[in-house]
Amino acid sequence: MDDNSDSGRTFILRPVPIKHLRLFFAEFAKMTEEPETKDGKEKKTGLAEGNDRMLDSLIKQSTILLNGLRYSVTEEWCEENLDQDTLLKIVEVCGGVNLTDPNLMAAAAAMTDQ
């Protein structure tokens, strides 16, 4: 996979070792959690805030996964050089989760409704 920047970096994607997979899933689980305010109550988010939270989480997940493959990247680098499709591909190949799968999204929605 080539990044979408002028840096010319190329990454070979493959599943990450279990150690980094655990870190990835810990961050992945945060994506479905409702944010809390300082007083401990659930904070209601609008669409824009929810999209920002999702992108922030995808960036963190991708950083964890690429670092698990021994590529030295930061969250800032990922945000500046990768697009959403590339982030999703990293999560799919390295983390084994296809976020565009409608069955996964339905299952996630059902879990948050409980």
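Everything below is about the structure printed above this text.
Treat the numbers as computed from the prediction; the structure is a model and nothing was measured.

A. Representation of the overall build of the protein chain within the structure. When its secondary structure is counted, the protein chain shows five helices and zero strands. Going through the 114 residues of the protein chain one by one, you find that 32% of them count as buried. Within the protein chain, contacts between residues separated by at least 24 positions form 64% of all contacts whose residues are at least 6 apart in sequence. Carbon and sulfur atoms make up 52% of the accessible area of the protein chain, which amounts to about 7600 Å² in all.

B. Spotlight on the packing of helix α1 (residues 18-30) against helix α4 (residues 84-95). For the pair α1 and α4, the least separation of the axes is 11 Å and the interaxial angle reads 135°. Comparing their axes, α4 and α1 come out oblique. Note on packing geometry: the crossing formed by α1 with α4 is left-handed. Here α1 contributes Leu21, Phe24 and Phe25 to the contact with α4, which in turn contributes Val91, Cys94 and Gly95. Considering only residue class, the contact of α1 with α4 consists of five nonpolar, one polar and no charged.

C. Spotlight on α1. Look at α1: 19 Å from first C-alpha to last across 13 residues, which is about the 18 Å you get at 1.5 Å a residue. Every buried residue of α1 is listed here: His20, Leu21, Phe24, Glu27 and Phe28. The buried residues of α1 occupy one face: seen down the axis, they fall within an arc of 125°. Exposed residues pointing more than 90 degrees away from the buried face of α1 are listed as Ile18, Lys19 and Arg22.

D. Here's a closer look at the packing of aromatic side chains. Inspection of every chain in the model, using the stated rule, returns five aromatic pairs. For the pair Phe24 and Phe25, a centre-to-centre distance of 5.0 Å together with 55° between the ring planes defines the contact as tilted. Judged by its relative accessible area of 37%, Phe25 falls in the partly exposed class. Aromatic rings pair up to connect Phe11, Tyr71 and Trp77 into one cluster.

E. View of a negative patch on the surface. A surface patch of negative charge is lined by Asp52, Asp56, Glu75, Glu76, Glu79 and Glu80. Of all elements in the fold, only α2 (47-68) and α3 (75-81) reach the threshold of two or more residues within the negative patch. Counting residues per element, the negative patch draws most heavily on α3, which supplies four residues. When its relative accessible area of 51% is taken as the criterion, Glu76 is described as exposed.

F. Structural view of α4. Helix length check: α4, at twelve residues, gives a terminal C-alpha distance of 16 Å against a target of 16 Å (1.5 Å per residue), a fit within 8%. Buried within α4 we find Thr86, Leu87, Leu88, Ile90, Val91, Cys94 and Gly95. Capping the start of α4, Asp83 holds a side-chain oxygen 3.3 Å from the backbone nitrogen of Asp85, two or three residues further along. Phi turns positive, to about 75°, at Gly96, one or two residues after α4.

About the thresholds
- Residues numbered from 1 in each chain as written.
- Predicted model: local features only at pLDDT ≥ 70, side-chain atom pairs only at ≥ 80, totals over all residues.
- Heavy atoms only, no water.
- Helix = DSSP H or I, 4+ residues; strand = E, 2+ residues; numbered from the N terminus.
- Buried < 20%, exposed > 50% of the residue type's maximum accessible area, 1.4 Å probe, protein only.
- Contact = heavy atoms within 4.5 Å.
- Areas by Shrake-Rupley, 256 points an atom, 1.4 Å probe, with all protein chains shown as cover.
- Axes fitted to C-alpha atoms, helices over the stretch in contact; angles between N-to-C directions.
- Parallel < 35°, antiparallel > 145°, perpendicular 65-115°, else oblique.
- Left-handed = near helix turned anticlockwise from the far one by under 90°.
- Nonpolar A, V, L, I, M, F, W, Y, C, P; charged D, E, K, R; others polar.
- Expected span 1.5 Å × (residues − 1).
- Arc of directions from axis to C-beta.
- Phe/Tyr/Trp six-rings, centres within 6.5 Å; stacked < 30°, edge-to-face > 60°.
- Patch = residues over 30% accessible without salt bridge, like charges linked within 9 Å, V, L, I, M, F, W, Y side chains within 5 Å.
- Salt bridge = Lys/Arg side-chain N within 4 Å of Asp/Glu carboxyl O.
- Lys, Arg positive; Asp, Glu negative; His and termini not counted.
- Charge placed at Lys NZ, Arg CZ, Asp CG, Glu CD.
- Polar contact = N/O pair within 3.5 Å; in protein donor to acceptor, adjacent residues only side chain to side chain.

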